Amino acid sequence: MEKHNSDSNYDSNSKFVNLGQEDQMKITGYQTRIVKQIVTWIFVILTIGLLRLVFYWRPDWMVKCMCRKVYLKSADYVLLEDQYDQIFVERVKTLPDYRRIAKLDSSSSSSFSNQFKQDDSLSKMMSRIPSYDELTVTKQYFMNKKVKYIWNDDLQQFEKLKGLDEIMSCSIFYEKKGLTQSEELQRQNLYGNNSIIVSVTPVVKLLLTQALHPFYIFQLFSCALWYSDQYGWYATCILVISIVSLTVQIYQTRSMQRALKSTITSNEMVSVYRPDKQEFEIVLSAMLVPGDVIEIPKQGCVMQCDAVLLNGNCIVNESMLTGESIPVTKTPIPQGPGIQDVKFSLAEHSRHVLFSGTNVIQTRYYGSQIVKAVVIRTGFSTAKGELVRSILYPKPVDFKFTQDGAKYIGVLALIALGGMIYTLVLMIERGDEVGSIITRTLDLLTIVIPPALPAAMTIGIVFAQKRLKRQKVFCISPRSINLCGAINVFCFDKTGTLTEDGLDLYGIVPALKQRFQTEEKQISANNQRNPLVIAMATCHSLTIIEGCIAGDPLDVKMFEATCWKLEEPGEDTSKYDVIMPTVVHPSVSDNAGHLPEYENDKAMPYEIGILRQFTFTSKLQRMSVITREINSNHFDVYAKGSPEIIVSLCNSETVPADFHDILTFYTQQGYRVIAFAHRLLSRMTYVKINRVQRDELECGLTFLGFLIMENRLKPETQPIIKTLKTANIRTVMVTGDNMLTALSVARDCQMIDRHDHVVMVTGLPPSDVSPARLEYTCSENIVNDSKLKYSSRYQLAISGTSWTIIHKYFPEVLPKLAVRGVVFARFSPENKQQLIELLQDSGYYVGMCGDGANDCGALKTAHAGISLSEAEASVASPFTSKESSISCVPNVIKEGRAALVTSYGIFKFMACYSLTQFLSVCLLYWIGATLTDFTFLYIDLLLLTSLGITFCYTSAYFVLDPKPPKVSLIAVTPVLSLILQLLVHLIIQLTVSKLTEQQPWFEPFIPNEDRDYQCYEVTIIFLSSSFQYITMAIVFSKGPPYRRIIFKNYVFMVNIILSAGITIMIVVYPFQWIIDLMELKMPPSLAYRGLIVGIGVMNFIICFITETYIVDFLIDGKFIQPLTEKYINIKLKYQVIENEIYSQPDWPPISNSDTSIADLMRLEQFTVDACAPESKDFTYVDEEENKVKEQRKPENELSIKPSFGSKLQTVNEAELQDIQNLNDFLQNGHGKDSTNDLNNLLNVFGNRSSSDLWQNDNEDVIPILPRTMSDDSATLMQMTNTNNPGSMKIKMETNEESSEVTIL
């Protein structure tokens, strides 16, 4: 950011905080001005506080009136505007000056910041936290949504206060020795208490907050107006109802706050290390700050902060975060020479982090060691704090129905304004008193805009929420229910959602000497020493808790299939040369197979100790372990993961040639395939294996074979998917599983129709010789069938790797993927969230259903997220189902549609009611009369309130209709419906009025000062309009296809009968006390009273025919919709994209080559290698072995060997010339500046640039690809460069032979 040099440039006062992030906000600084404050308060006094009330609703207006824009550094207030147009005003405060409290010596006060100044490149790479010296100087800050923003003098802007997770390298954590008490005070001043406070608002404050809502202010204004107009009874009833409503809201709000507080708030005693005292001391967890070194108790605990584990292992239940109530093993943060410059990242190093709110079940430690961790985040910055903030400050829902409702109220206000002008002119001409004119004019405003409208709009949602609860679906965001009615795309996770939670072992396929062996359905006792079986028995993260094996269900199934035993021994572990490993051994005592020979004890049992785990991460898609056989002289590495990743880490000579064909065979049948590999670690000590990085171990592996797991569909999946598709709700699968497995499951559950073709989209990154490109391959191998290009029956499938490439290089293709994509495989949690956002940007209303594991982000982002997990993480999802199947999805959509149609109908009912009453009052104003107090009371309470509540009680229809309900109130059909209904009502009221005036017993009303409105005009208008209100309730209460028929709503039917019966009784034969109470003047003719009832029945028939036949059938079905489609052409964004696809018959450009699925997977493998730097091959050699090699190695040697694929046949003359050219270049001593020549030369060898060659002076292994290699030998090569000129030796290593070419 530029620093500002001129106070006149006010446009530059606005900057952004959290730039480029989800919570990005525009920030503008304001400084108070005395003169502007005085002027503003004068106007507040002149308006009797009304202006201050407006400022309460719009605090940004108050800031703009009392302050002027200034630079942020000088601001007293900041105005924040987020991406949802929400505005926040925050006061800028100042941190206390701690120089008076504690003065730190220079070494301790600057030690923290000096860690980042030791390496200039590191300090530039990382954002720096203010040092202690800086903290003693006064700092400006403000709070927004429980997050503290600190002024940064270097950037001249406010930035979010960072924890240690954003400013540290991995190696620095081990340098942390804890904080002294002085340092503790400093950070307490900066970070505040480590507490997630959900305050329970005091009743008085909550009462004022609720009472000052515009809805209640309008009601208060209405009641004051009615009291002044002597409508005391009606005003009192409304006031009592408002007080009851306020009381209920306050009670519910405080109950929810207390429940959330009791769930969230916790405080424990924690043991913290103090280096100045050289001991641990017990403090409250609220006193923790980033940088504290804490002890994790042996018996476990509930974490009160986010902390990085330094030593030992922890068994943690992370259900609060992931939704999976399974133990997770946390391991210490890596250390060693390879990670000094590795910046710590929560996403990449989450397996070493203990998150706040998670439950540490057990700790595993060595001997008498203490399990320690470094605090990195506290309070609302923790994972738990972010979860609570998402509850307290949910993302606003931008729903067209809500927007149109606000516009409708604006239209009603304009109608009220017209009526007020009409009344004003009429009463002035008549010469009425000024007080009466003002009262009658304002009274129209309270009639046209009904105060009960907001409450009526929520009744249907409340009933839908209760019905969902009976169906074991719990909703924490009621406003999302209406959104469910508009859902037209639903995304599903696969494992645990569409398929069963557990996996069943189908079989294993071992590999030996580049050949797959016979598939084995069951592991026999004689085969328990098979390397693949040993890998299955060791490569997992299982543990024993309370005597039972616990862990990932897949690991449990896999281990049980081996028939091995798992033990976690105590102190008798000396035979492993390591303290307390997890031990596995065969459960049967067999002598088959090879037994290790021991010098001293040949009867030694066959046992393996698991010494170190590199846990599974969704980003790396693999895990590995370091093991050692009992009394063995070497260690072993076993790895498992996705086949595509594991094979990229294996030596080519160990991978069967038909690897991809066998993999395709199983995945196309829907099986889940897991690959295993092994590596022998010779000449490594226990100390070294505990320091070595996983990237240095997970390379050069030997491929062992496949584990085939069967993942069955849940019985509810297929019929539910069929139901959704029948309802024209598009279904999408987004999973982290293999592409072909996902495609198989999608076809099995009929997400992909039997006749649909699937086009797999593969993104390839750019190289030096070719730009980034896309490959479109039909999975059915019908690329020569021209019908595909002209058929709409094709769907797209894409992997997470290709998605990332398309996101970067081909963003214009993303909208088409959103419209036609059906299977999104190998998607990370971030990819899932990106997909949901893309669908929303395309105009879809998106639902998401997942089991909570890695789906939390997508569930929160979707318009309607349904979690199938009962864990605490699901609290961030709008819906949680107690049933672990997708059978809840149609129910949620049905109730959403019912609630939406109910809200649609109740809005029309309330709007038509207010306008009908407006017409009635306007007719009576013409003669100088109005409705009496108790006639208003009868209409608003007995008819409107009771009918409005029971109107919403109709339940959802039991079938999902293919046509979704309307979401817009500002459309031809609803507007025309209201106009026609009001026209009928106006004609009926005018007809009855004129008909009454012609009766011989009629006596016209004579205006009087006593406000005696007991006359025939008022009585007839009241009686005829009462039937109209009942009619509207019936006409607008729509039934199928979204709600049950109203006859099934027994409460509503009883209410209709009672309301109609009481109204008929008042018309035909009222009791005298009713006549006196309502001030009615009944027609003396009983026949005429019967005529009024008949007119009411006729009114109902006309309105019913108008709504059901003219509006719904003719206008909406036969006229408006075809006319709109033909001429107006209003289309959503996704419809425009779909039309664009239809207009491009050559898209997608299907590859003309005969590419098989296996070939496509090989192509995808190159993409994985290019996009996953974590898979870079490193070779770990211990120091002694390295010295021996250095003695044997010539000074300048260039070694090239295949790392995977088929073997290299020979070195022909062209290849030798290329190598000589490269040697000449290196001999001449060219360095990093000679990039052009080197790039030209490297083009010969493949798609590597000079930046790759020189990017790290310490990197010895450079992958290149020779240009002249045949298809059988197209392989990634490795070149070892010494960067020294002189003679060189080229060594070609193949599987069977080795040849050397010496170049002088």
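My aim in this report is to walk through the structure given alongside it, one point at a time. Since this is a predicted model, take the numbers as computed values, not measurements.

1. Brief notes about the pattern of salt bridges
Pairs can form between side chains of opposite charge whenever their charged atoms are close.
For step 1, the next point in the chain: The full count for this structure, using the stated rule, is 32 salt bridges.
For step 2, the next point in the chain: The closest approach of N and O atoms between Asp292 and Arg274, which form a salt bridge, is 3.3 Å. With Asp292 in the loop between β11 (279–284) and β12 (293–295) and Arg274 in strand β10 (residues 269–274), this pair connects stretches of sequence that are 18 residues apart.
For step 3, the next point in the chain: According to the relative accessible area criterion, Asp292 is buried, its value standing at 0%.
For step 4, the next point in the chain: Judged by relative accessible area, which is 3%, Arg274 ranks as buried.
For step 5, the next point in the chain: Glu644 serves as the salt-bridge partner of Arg826, at 3.3 Å between the closest nitrogen and oxygen.

2. Notes on the sheet that holds strand β20 (residues 473–475)
Neighbouring strands of a sheet are bound in pairs by backbone hydrogen bonds; such pairs are parallel or else antiparallel.
For step 1, the next point in the chain: One open sheet holds the 10 strands; their spatial order is β20-β40-β39-β38-β21-β33-β37-β36-β34-β35, and the pairing between them is mixed. The outermost strands of the open sheet, each flanked by one partner alone, are β20 and β35 (773–778). Each strand axis lies, on average, 20 degrees off the axis of its neighbour in the sheet, ignoring direction.
For step 2, the next point in the chain: Here strand β34 (residues 757–764) pairs with β35 via six bridges, running antiparallel. Bridge pairing in β35 places Thr762 opposite Glu775.

3. Concerning a nonpolar patch on the surface
For step 1, the next point in the chain: A cluster of nonpolar side chains, Val1097, Ile1101, Phe1104, Ile1105, Tyr1109, Ile1110, Phe1113 and Leu1114, forms an exposed patch at the surface whose accessible area comes to about 680 Å².
For step 2, the next point in the chain: Within the secondary structure, Leu1114 sits in helix α36 (residues 1086–1128).

4. Points about the packing of helix α30 (residues 888–926) against helix α31 (residues 933–951)
Any two packed helices are characterised by the angle at which their axes cross and by the distance between the axes.
For step 1, the next point in the chain: Packing of α30 against α31 brings their axes to within 11 Å, and their N-to-C directions diverge by 165 degrees. Taken together, the axes of α30 and α31 are roughly antiparallel relative to one another. Read as a crossing pair, α30 and α31 show a hand that is right-handed. When α30 is examined against α31, the residues Thr902, Gly905, Ile906, Phe909, Met910, Tyr913, Gln917 and Val921 are found in contact with a partner set consisting of Phe936, Ile939, Asp940, Leu944, Leu947, Gly948 and Phe951.
For step 2, the next point in the chain: When the residues that make up the contact of α30 with α31 are grouped by side-chain class, the tally is 10 nonpolar, four polar and one charged.

5. Topic: the nonpolar core
For step 1, the next point in the chain: Ranked by internal contacts, the top residues of the largest apolar core, which has 139 residues, are Phe492, Phe879 and Val889.
For step 2, the next point in the chain: Tallying contributions element by element places α30 first for this core, with 21 residues.
For step 3, the next point in the chain: Not counting chain neighbours up to four residues away, the residues in contact with Val889 comprise Phe490, Phe492, Leu724, Cys849 and Ile866.
For step 4, the next point in the chain: Judged by nonpolar contacts, the second largest core, of 37 residues, contains Leu796, Val813, Tyr844 and Ile1141.

6. A short note on the sheet that holds strand β6 (residues 93–94)
For step 1, the next point in the chain: Judged by pairing direction, the sheet is antiparallel, and its four strands sit side by side in the order β6-β7-β8-β9 without closing on themselves. The sheet terminates laterally at β6 and β9 (157–160), the two strands that pair on one side only.
For step 2, the next point in the chain: Where β6 lies against strand β7 (residues 140–144), two bridges are found, and the strand directions are antiparallel. Bridging from a neighbouring strand, Thr94 pairs with Gln140 of β7.

7. Focus on the state of the cysteines
A covalent bond bridging the sulfur atoms of two cysteines is what the word disulfide describes.
For step 1, the next point in the chain: Tallied over the full model, the rule gives zero disulfides.
For step 2, the next point in the chain: Free of any disulfide, Cys301 has its nearest neighbouring cysteine sulfur in Cys314, separated by 7.9 Å.
For step 3, the next point in the chain: Its relative accessible area of 16% is what places Cys301 among the buried residues.

8. Let's talk about the pairing of strand β36 (residues 794–799)
For step 1, the next point in the chain: Taking burial as the measure, the six residues of β36 include six buried ones, the bulk of the element.
For step 2, the next point in the chain: Covered by surrounding structure in β36 are Tyr794, Leu796 and Ile798 together with Gln795, Ala797 and Ser799, the residues of both alternating faces.
For step 3, the next point in the chain: Pairing of β34 with β36, which is carried by five bridges, proceeds in the parallel orientation. Paired with Val758 across the two strands is Gln795, which belongs to β36.
For step 4, the next point in the chain: Pairing geometry for β36 and strand β37 (residues 821–825), over four bridges, is parallel. Its bridge partner being in β37, Ile798 is matched across the sheet by Phe824.

9. Quick notes on helix α37 (residues 1133–1142)
For step 1, the next point in the chain: Those residues of α37 not exposed but buried are Tyr1134, Ile1137, Glu1138 and Ile1141. Buried residues of α37, seen end-on, are gathered within an arc of 100 degrees and therefore sit on one face of the element.

10. Focus on the packing of aromatic side chains
The geometry of two aromatic rings is summed up by the distance between their centres and the angle between their planes.
For step 1, the next point in the chain: In the structure shown here, the tally under the stated rule is 34 aromatic pairs.
For step 2, the next point in the chain: For the ring pair Tyr938 and Phe1022, a centre distance of 5.7 Å and an interplane angle of 75 degrees mean the geometry is edge-to-face. Of this pair, Tyr938 sits in helix α31 while Phe1022 sits in helix α33 (residues 1016–1035); the two residues are 84 residues apart in sequence, bridging distant segments of the chain. With respect to class, Tyr938 is no different from Phe1022; both count as buried.
For step 3, the next point in the chain: Pairing Trp1001 with Tyr1088 gives two aromatic rings, centres 5.2 Å apart and planes at 75 degrees, and the pair type is edge-to-face. A residue pair is termed long-range when its members are at least 10 positions apart, and Trp1001 in the loop between α32 (972–997) and α33 and Tyr1088 in helix α36 qualify at 87 residues.
For step 4, the next point in the chain: In this structure Trp1001 comes out as buried when scored by relative accessible area, which is 16%.
For step 5, the next point in the chain: Clustering of aromatic rings is evident, with ring pairs tying together Phe142, Tyr149, Trp151 and Phe158.

11. Focus: a negative patch on the surface
For step 1, the next point in the chain: Judged by side-chain charge, Glu433, Glu1009, Asp1010 and Asp1012 come together as a negatively charged surface patch.
For step 2, the next point in the chain: Locating Glu433 in the fold gives a position in the loop between α13 (400–430) and α14 (434–448).
For step 3, the next point in the chain: We classify Glu433 as exposed; its relative accessible area is 59%.

Cut-offs and rules
- Residues numbered from 1 in each chain as written.
- Predicted model: local features only at pLDDT ≥ 70, side-chain atom pairs only at ≥ 80, totals over all residues.
- Heavy atoms only, no water.
- Salt bridge = Lys/Arg side-chain N within 4 Å of Asp/Glu carboxyl O.
- Helix = DSSP H or I, 4+ residues; strand = E, 2+ residues; numbered from the N terminus.
- Buried < 20%, exposed > 50% of the residue type's maximum accessible area, 1.4 Å probe, protein only.
- Pairing = 2+ DSSP bridges.
- Axes fitted to C-alpha atoms, helices over the stretch in contact; angles between N-to-C directions.
- Patch = residues over 30% accessible without salt bridge, like charges linked within 9 Å, V, L, I, M, F, W, Y side chains within 5 Å.
- Areas by Shrake-Rupley, 256 points an atom, 1.4 Å probe, with all protein chains shown as cover.
- Parallel < 35°, antiparallel > 145°, perpendicular 65-115°, else oblique.
- Left-handed = near helix turned anticlockwise from the far one by under 90°.
- Contact = heavy atoms within 4.5 Å.
- Nonpolar A, V, L, I, M, F, W, Y, C, P; charged D, E, K, R; others polar.
- Core = buried A, V, L, I, M, F, W, Y, C linked by side-chain atoms within 4.5 Å.
- Disulfide = S-S within 2.5 Å.
- Arc of directions from axis to C-beta.
- Phe/Tyr/Trp six-rings, centres within 6.5 Å; stacked < 30°, edge-to-face > 60°.
- Lys, Arg positive; Asp, Glu negative; His and termini not counted.
- Charge placed at Lys NZ, Arg CZ, Asp CG, Glu CD.

Remember, this is a structural readout, not a statement about activity or role.
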